[in-house]
Amino acid sequence: MLSRTAFQSKTISTDLVLPSETNPLNNLFGGELLARMDRAASISARRHSRRIVVTASVNHVAFNRAVPLGSVVMIEAKVSRAFSSSMEVYMDVWIEDRESGDRVKANEAIYTFVAVDETGRPVKVPELVPETELEIQRFDAALRRKQLSLVLAGKMKPADATELKALFE
Ligand SMILES: CC(=O)SCCNC(=O)CCNC(=O)[C@H](O)C(C)(C)COP(=O)(O)OP(=O)(O)OC[C@H]1O[C@@H](n2cnc3c(N)ncnc32)[C@H](O)[C@@H]1OP(=O)(O)O
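The shown structure was predicted, so the numbers you read here are calculated from the model rather than taken from an experiment.

Parameters at a glance
Residues numbered from 1 in each chain as written. Predicted model: local features only at pLDDT ≥ 70, side-chain atom pairs only at ≥ 80, totals over all residues. Heavy atoms only, no water. Helix = DSSP H or I, 4+ residues; strand = E, 2+ residues; numbered from the N terminus. Rg over C-alpha atoms; globule rule 2.2 N^0.38 Å. Buried < 20%, exposed > 50% of the residue type's maximum accessible area, 1.4 Å probe, protein only. Contact = heavy atoms within 4.5 Å. Areas by Shrake-Rupley, 256 points an atom, 1.4 Å probe, with all protein chains shown as cover. UniProt positions renumbered as here; feature names shortened; annotations may be inferred. Pairing = 2+ DSSP bridges. Axes fitted to C-alpha atoms, helices over the stretch in contact; angles between N-to-C directions. Near = heavy atom within 4 Å. Polar contact = N/O pair within 3.5 Å; in protein donor to acceptor, adjacent residues only side chain to side chain. Nonpolar A, V, L, I, M, F, W, Y, C, P; charged D, E, K, R; others polar.

Asker: Help me understand the overall build of the protein chain in this model?
Answerer: Regarding its fold elements, the protein chain presents three helices and seven strands. Taken from N to C terminus, the helices and strands of the protein chain fall in the order β-β-α-β-β-β-β-β-α-α. On C-alpha atoms alone, the protein chain measures out to a radius of gyration of 17 Å, which is about the 15 Å that the 2.2 N^0.38 rule sets for 169 residues. With respect to the principal axes defined by its C-alpha atoms, the protein chain has extents near 50 × 35 × 35 Å. Per-residue burial for the protein chain yields a buried fraction of 41% across its 169 residues. Long-range contacts, defined here as pairs at least 24 residues apart, represent 68% of the contacts in the protein chain between residues at least 6 apart. As displayed, the protein chain has an accessible area near 9,700 Å², and 53% of this comes from carbon and sulfur atoms.

Have a look at this one:
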């Protein structure tokens, strides 16, 4: 089956933080960022698979830095690994300084999407070929994260999570 690089799925969403999207501290509301990341990541998964995609899991989100009102927020999403029908999408979130134009890393997130047909049944996706050192690191760790996500969702027995067990051996 066809393969695609991570770069081919690269999706950058750039948007402002408006007053209606903030919490009482005038920082971006967490749920708003989750929704923006879901949109960027779903486009990335769609670019990789060229299929309908659905969010299967939000695997990890780290709200390391508050995003103030008026900020320009950039979300960079790329597929980090493709399995049979599922794709892990890794996102880096940056805030852009108005005066200097410098970017500061605010958050990271990892979502899983599944490619489906018109009836919602999972379908196969192309392989993902990582190219850069960071893409290779993320690719290598993705199977471990998939197993952890499946164990937490009650879809895999801990005893079958070979990659997780290997961490402790
Ligand atoms: C863009 C949007 O926001 S869409 C709206 C939100 N999302 C939805 O409505 C999705 C609702 N859920 C579903 O439709 C189904 O549960 C699906 C399509 C995600 C999975 O369907 P299932 O019947 O469980 O299929 P199945 O067990 O074959 O799993 C399909 C793939 O999903 C993976 N998967 C399922 N659940 C998870 C999970 N919690 N974490 C990671 N991977 C998962 C499986 O490992 C499998 O991957 P693989 O084919 O690459 O090995």
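Asker: It is not clear to me how the side chain of Ser9 should be interpreted in this structure. Could you clarify?
Answerer: Mapped onto the secondary structure, Ser9 falls in the loop between strand E1 (3-5) and strand E2 (11-16). Those residues within four positions of Ser9 in sequence are excluded, and the remaining contacts are Ser44, Arg47, His48, Ala77, Lys78 and Val79.

Asker: Even after reading the chapter, I still don't get the UniProt feature "domain: HotDog ACOT-type" (unreviewed entry) in the protein chain, so can you show me in this structure?
Answerer: As recorded in UniProt, the sites labelled "domain: HotDog ACOT-type" (unreviewed entry) are residues 7-119. As a span, residues 7-119 carries 18% helix and 48% strand, and end to end its C-alpha atoms are 29 Å apart.

Asker: In this structure, what is going on with the sheet that holds strand E5 (residues 86-96)? I would like to understand it.
Answerer: Remark on secondary structure: sheet strands pair via backbone hydrogen bonds, oriented parallel or antiparallel. Judged by pairing direction, the sheet is antiparallel, and its five strands sit side by side in the order E2-E4-E5-E6-E3 without closing on themselves. Each edge of the sheet is formed by a strand with only one pairing partner; in this case those strands are E2 and strand E3 (52-63). Neighbour-to-neighbour, the strand axes of the sheet open up by a mean angle of 25°, direction not taken into account. Of the strand pairs in this sheet, E3 and strand E6 (residues 103-116) are connected by ten bridges, and their pairing is antiparallel. Bridging across to E6, Val54 finds its partner in Val114.

Asker: What is the right way to look at the site of the ligand in this model?
Answerer: The local shell around the ligand holds 18 residues, among which Ser84, Ser85, Ser86, Lys146 and Ser149 are the closest. At 2.7 Å, a side-chain N or O of Ser85 approaches an oxygen atom of the ligand. A distance of 2.9 Å separates a nitrogen atom of the ligand from a polar atom in the side chain of Lys155. When the free accessible area of the ligand is taken as 1,000 Å², the share hidden by the protein chains comes to 59%. Those elements that provide at least two residues to the shell around the ligand are E3, E6 and helix H2 (133-152). It is E3 that provides the largest number of residues to the shell around the ligand, a total of five residues. Residues that form the shell around the ligand fall into these classes: eight nonpolar, seven polar and three charged.

Asker: Before we go on, may I ask you to explain the environment of Leu2 in this structure?
Answerer: Turning to its location among the elements, Leu2 is positioned in the segment before E1. Distance from Leu2 to Glu88, taken between C-alpha atoms, is 18 Å for residues 86 residues apart in sequence. Dropping the residues within four chain positions of it, Leu2 is found in contact with Pro126 and Glu127.

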